[in-house]
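# Residue-level structural notes
Listed below are the residues making up each chain.
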Amino acid sequence: MGNERSQPTGLSIDETATEVTDSWSLHGATYAVGSVPKISVFVTSCSNSSEVSQLEKFTKNVMLYRHPCILKYVASWKKGWKFHLATEQVQPLAQVLPSQTALQVCVGLQNILKALVFLHESGSASHNNVCRAAIYVTQGGSWKLGGLEYLCR
């Protein structure tokens, strides 16, 4: 699942977290190599090397279930006691929602429904974590479904 991979070259992770939860912290990052200049990096600490964190489960599912309305996987790696997941650049919905218009909210909800329909019909899976904290917004304003750590078939 990417545990043996190292941090991509040219990646500079911001020290200040955009969001901090019980499971992980979300940081902005600049990726100097390739066509993706800015990304988001989720970081979690594991208490021991054999423990599978929620972020690792999230990563496995983001890699497996690819859809335009689901958070886009870029890379993942383990460094010391920390696991990292790099995705397209996003912000938590809670930070963006107050500035959204009614139309943007309706289109965003439609994107989330498309992702859920995909998971149910094509993936034969249930998300099990649909909430505001599981939704992220891209720089272009598209809503993306995240929070796949509780997904099951």
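Right above here is the structure, for reference.
Residues numbered from 1 in each chain as written. Predicted model: local features only at pLDDT ≥ 70, side-chain atom pairs only at ≥ 80, totals over all residues. Heavy atoms only, no water.

To continue, consider the sheet that holds strand β6 (residues 90–92). Judged by pairing direction, the sheet is antiparallel, and its 3 strands sit side by side in the order β6-β7-β8 without closing on themselves. In the strand order of this sheet, the two ends are held by β6 and β8 (143–145), each with one partner. With strand direction ignored, the average angle separating the axes of adjacent strands in the sheet is 40 degrees. As paired strands, strand β7 (residues 135–138) and β8 are joined by 3 bridges and run antiparallel to one another. Each bridged residue has a counterpart across the sheet, and for Tyr-136 the counterpart in β8 is Lys-144. Seen against the sheet, helix α3 (residues 102–122) touches β7 and β8 and runs at an angle of roughly 25 degrees to β8. (Pairing = 2+ DSSP bridges. Helix = DSSP H or I, 4+ residues; strand = E, 2+ residues; numbered from the N terminus. Axes fitted to C-alpha atoms, helices over the stretch in contact; angles between N-to-C directions. Contact = heavy atoms within 4.5 Å.)

Of all hydrophobic cores here, the largest spans 29 residues; its most connected members are Phe-42, Phe-58 and Leu-119. Counting residues per element, the ones that place at least two in this core are α1 (54–64), β5 (82–88), α2 (93–96), α3, β7 and β8. Take this core: its biggest share by element is 5 residues, from α3. Ranked by size, the runner-up nonpolar core spans 8 residues in total, among them Leu-11, Ala-75, Trp-77 and Ala-86. (Core = buried A, V, L, I, M, F, W, Y, C linked by side-chain atoms within 4.5 Å. Buried < 20%, exposed > 50% of the residue type's maximum accessible area, 1.4 Å probe, protein only.)

With the rule as written, the count across this model stands at 1 salt bridge. Between Glu-88 and Lys-144 there is a salt bridge, with its nearest N and O atoms 3.5 Å apart. Here the residue Glu-88 occupies a position in strand β5, and Lys-144 occupies one in strand β8, the gap between them amounting to 56 residues. Taking the relative accessible area as the measure of exposure, Glu-88 reaches 14% and is therefore buried. Under the relative-accessibility criterion, Lys-144 is labelled buried at 11%. (Salt bridge = Lys/Arg side-chain N within 4 Å of Asp/Glu carboxyl O.)

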